[in-house]
Amino acid sequence: MSTSTVMGTLDDESVPPERSRRQRRRAAHGTEASTHHRGPVWTALGYVGMVLVVLLVAVPLFWILITSFKDRGDIYVRPAQWWPDPVTTDNYHELTTRIPFFDYVRNSAIITSATAVAKIVLGVLSAYALSLLRFPGRSVVFLVVIAALMVPNQITVISNYALVAQLGWRNTFQGIIIPLAGVAFGTFLMRNQFLSLPGEIIEAARLDGAGPMKLLWRVVMPMSWPTLVAFSLITVVNEWNEYLWPYLMSDDETTATLPVGLTFLQNNDGVTNWGPVMAGTILAMLPILVLFLFLQRQMIKGLTAGAVKS
């Protein structure tokens, strides 16, 4: 037996069991007291921060909602009225009569659906190829995708506009949809999800004879559903709110989207009647809000996937 072992044994035997228990009890009590002392303070700070965030988000939305039900003169009164008196729906009526509102909604639905489907399909396929397939230059292709994420969309507007104009696609749906179908973000997000899947399951499926497409649709995608929902919802929201490119490409209500159409509520002298604008903003938010309420749980699971290691 070594000297250190003997000394450790003597030290353990020299401490009475009752004293050792008391020391452990005091240490545990001190830890609990420290945790109990810090707990309420941090909990209160957490609630304060949560309330501040909710106020920062909810107050502007509440102001938009009540403004959409105000008379035009009540919008500019000082001090501000936090409740419409009287409540009126004239702004919603003016919104649907001054501009072809439902045509803009139709265009937004077509462009958003087509662009979202293209981005989701291309993002999943490219992410699958970059994560689970082997081919020369795979790392180089992924670096190009990462580089594309670092380039703001506004930088490519001029070159894309010139190309679309040469093709004769101005004021057409394909001229708006195809340049927006880039999938750098989706490729990056879904690739990370595919790489986090258990390798044993992937190899077992391959040993059972699953080909690349069968492996993707029967094995990989069912395990990646939350992340796919998050990617889909983010894509739909971004495309529904897209303004710059549809504004440059559309000339009239045949292709203009809802965000572009709301700008036509501005008068010729540059004065904006904010009542109809707020009403249009509320109606534009409703589809996305309903979609988020249905898919929020899956979206949160997808965005936090991999945050907790099992």
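Residues numbered from 1 in each chain as written. Predicted model: local features only at pLDDT ≥ 70, side-chain atom pairs only at ≥ 80, totals over all residues. Heavy atoms only, no water.

Here's the deal with the overall build of the protein chain
What the protein chain contains, in helices and strands, is 15 helices and 0 strands. Per-residue burial for the protein chain yields a buried fraction of 32% across its 310 residues. The long-range fraction of contacts in the protein chain, counting pairs at least 24 apart against all pairs at least 6 apart in sequence, stands at 73%. As presented, the protein chain carries roughly 19500 Å² of accessible surface, and 66% of it is formed by carbon and sulfur atoms. (Helix = DSSP H or I, 4+ residues; strand = E, 2+ residues; numbered from the N terminus. Buried < 20%, exposed > 50% of the residue type's maximum accessible area, 1.4 Å probe, protein only. Contact = heavy atoms within 4.5 Å. Areas by Shrake-Rupley, 256 points an atom, 1.4 Å probe, with all protein chains shown as cover.)

As for the confidence of the model for the protein chain
On average, residues of the protein chain score 82 in pLDDT, and 82% of them reach the 70 mark or higher. Considering only residues more than four positions removed or in separate chains, one finds that residues 1-15, a stretch of pLDDT under 50, has 2 contacts. Taken as a whole, residues 306-310 scores under 50 in pLDDT and shows 0 contacts with residues more than four places along the chain or in a different chain. (pLDDT = per-residue confidence, 0-100.)

Brief notes about unusual backbone geometry
Of the consecutive residues Arg78 and Pro79, the connecting peptide bond is found in the cis state with omega at -5°. Turning to its location among the elements, Pro79 is positioned in the loop between helix H3 (72-75) and helix H4 (90-98). At the junction of Asp85 and Pro86, the peptide bond is cis and its omega measures out at 5° in the coordinates. Looking at where Pro86 falls in the secondary structure, it is placed in the loop between H3 and H4. Even without glycine at this site, Asn171 takes up a positive phi of about 60°. If you trace the backbone, Asn171 turns up in the loop between helix H7 (157-167) and helix H8 (173-177).

A word on the nonpolar core
Membership of the largest hydrophobic core comes to 20 residues, with the highest contact counts inside it found for Leu95, Ile99, Leu258 and Leu265. Broken down by secondary-structure element, the contributors of at least two residues to this core are H4, helix H5 (101-132), helix H12 (225-240), helix H14 (258-262) and helix H15 (274-303). No other element matches the 6 residues that H15 contributes to this core. Discounting residues that sit within four places of it in the chain, Ile99 has contacts with Tyr104, Gly261, Phe264 and Leu265. Membership of the second largest hydrophobic core comes to 19 residues, among which are Ile120, Leu132, Ile202 and Ala205. (Core = buried A, V, L, I, M, F, W, Y, C linked by side-chain atoms within 4.5 Å.)

Some points on the packing of aromatic side chains
Within the structure shown, the criterion is met by 7 aromatic pairs. A centroid spacing of 5.1 Å and a plane angle of 65° characterise the contact between Trp63 and Trp82, whose relative ring orientation is edge-to-face. Of this pair, Trp63 sits in helix H2 (residues 17-67) while Trp82 sits in the loop between H3 and H4, placing them 19 residues apart in sequence. The class of Trp63 is partly exposed, set by a relative accessible area of 25%. Both rings, one in Phe101 and one in Phe102, keep their centres 5.4 Å apart while their planes meet at 80°; by these two values the pair is edge-to-face. Here Arg191 stacks its cationic end above the ring of Phe142, 3.8 Å away from the centre of that ring. (Phe/Tyr/Trp six-rings, centres within 6.5 Å; stacked < 30°, edge-to-face > 60°. Lys NZ or Arg CZ within 6 Å of the ring centre and 35° of its normal.)

Points about a nonpolar patch on the surface
Residues Tyr47, Val48, Met50, Val51, Leu52, Val54, Leu55, Val59, Phe62, Trp82, Trp83 and Val87 make up a contiguous nonpolar surface patch of about 1200 Å² in total accessible area. Among the secondary structure elements, Val59 is positioned in helix H2. (Patch = residues over 30% accessible without salt bridge, like charges linked within 9 Å, V, L, I, M, F, W, Y side chains within 5 Å. Salt bridge = Lys/Arg side-chain N within 4 Å of Asp/Glu carboxyl O.)

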